[in-house]
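# Per-entry structural report
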Amino acid sequence: MGGTLNLADAFDAIAEVRGGDVDAVVQRDRHITWADFERRATNLGAWMLDRGAGLQAKVAAYTYNHPAYNETCYASWKARLVPFNVNYRYRETELHYLLDNADTEVVVVHAEFVPLLAKVIGDLPQVRGVLVVDDDDDLAPTDGPHRLLDRREARRVVIGRVLVSGRFGQGI
């Protein structure tokens, strides 16, 4: 891994070691194994890229506590995108400000929040993809396998204004 490690690399390594029988995510009666978690994250990350999300694009996780949140983060990291949380208590003005100010390109949203998102999405032309989930939905697109960026193709990720890289101080 060349001396650098990100969360996607760590999760991939765990999935490889733990295999298909060990749970990675558990919510109530729902169990997602490490193998499924990795496959689903790969497919979801590729779906985001297929929608046109660019390197370091911002991905809004507008969900309750749900496996969709974990999968959104993992998928974003695998695709070299930057996930961020959206507080489900936000009102229209706050939601618009956050999604616009973050230059959000992808939104993963619980179905309950779609009416509020619909009020602001028309004024956010940078949003390239919206994925709606219900509590019982299988979040990840299943038309894989997909290829994500090779680790050598994208080593740096900007989080806010902080450069995280193997070589600090180098411009993006």
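Residues numbered from 1 in each chain as written. Predicted model: local features only at pLDDT ≥ 70, side-chain atom pairs only at ≥ 80, totals over all residues. Heavy atoms only, no water.

### Considerations on the nonpolar core
Of all hydrophobic cores here, the largest spans 20 residues; its most connected members are Phe-37, Leu-44, Trp-47, Met-48, Leu-81 and Val-106. For this core, the elements supplying multiple residues, two or more each, are α1 (7-18), α2 (34-50), α3 (67-78) and β5 (104-110). With six residues, α2 is the largest single contributor of residues to this core. Ignoring sequence-local partners within four residues, the contact set of Val-106 consists of Trp-47, Met-48, Ala-53, Lys-58, Val-59, Ala-60 and Gly-129. Counting residues in each nonpolar core, the second largest holds 14 residues, with Ala-60, Val-86, Leu-117 and Val-127 among its members. (Core = buried A, V, L, I, M, F, W, Y, C linked by side-chain atoms within 4.5 Å. Buried < 20%, exposed > 50% of the residue type's maximum accessible area, 1.4 Å probe, protein only. Helix = DSSP H or I, 4+ residues; strand = E, 2+ residues; numbered from the N terminus. Contact = heavy atoms within 4.5 Å.)

### Comments concerning the pattern of salt bridges
Enumeration over the complete set of coordinates arrives at five salt bridges. Glu-105 is the partner of Arg-128 in a salt bridge, and the nearest nitrogen-oxygen pair spans 3.3 Å. Note that Arg-128 is positioned in the loop between α5 (114-121) and β6 (129-133) and Glu-105 in strand β5, a separation of 23 residues in sequence. Since its relative accessible area comes to 16%, Glu-105 is described here as buried. By sharing partners, the salt bridges in this structure join Asp-12, Glu-38 and Lys-78 into a single network. (Salt bridge = Lys/Arg side-chain N within 4 Å of Asp/Glu carboxyl O.)

### Considerations on α3
The end-to-end C-alpha separation of α3 is 16 Å, in line with the 16 Å expected for twelve residues at 1.5 Å each. Here α3 lies mainly inside the structure; nine of its twelve residues are buried. With its phi angle positive at about 65°, Arg-80 sits one or two positions after the end of α3. (Expected span 1.5 Å × (residues − 1).)

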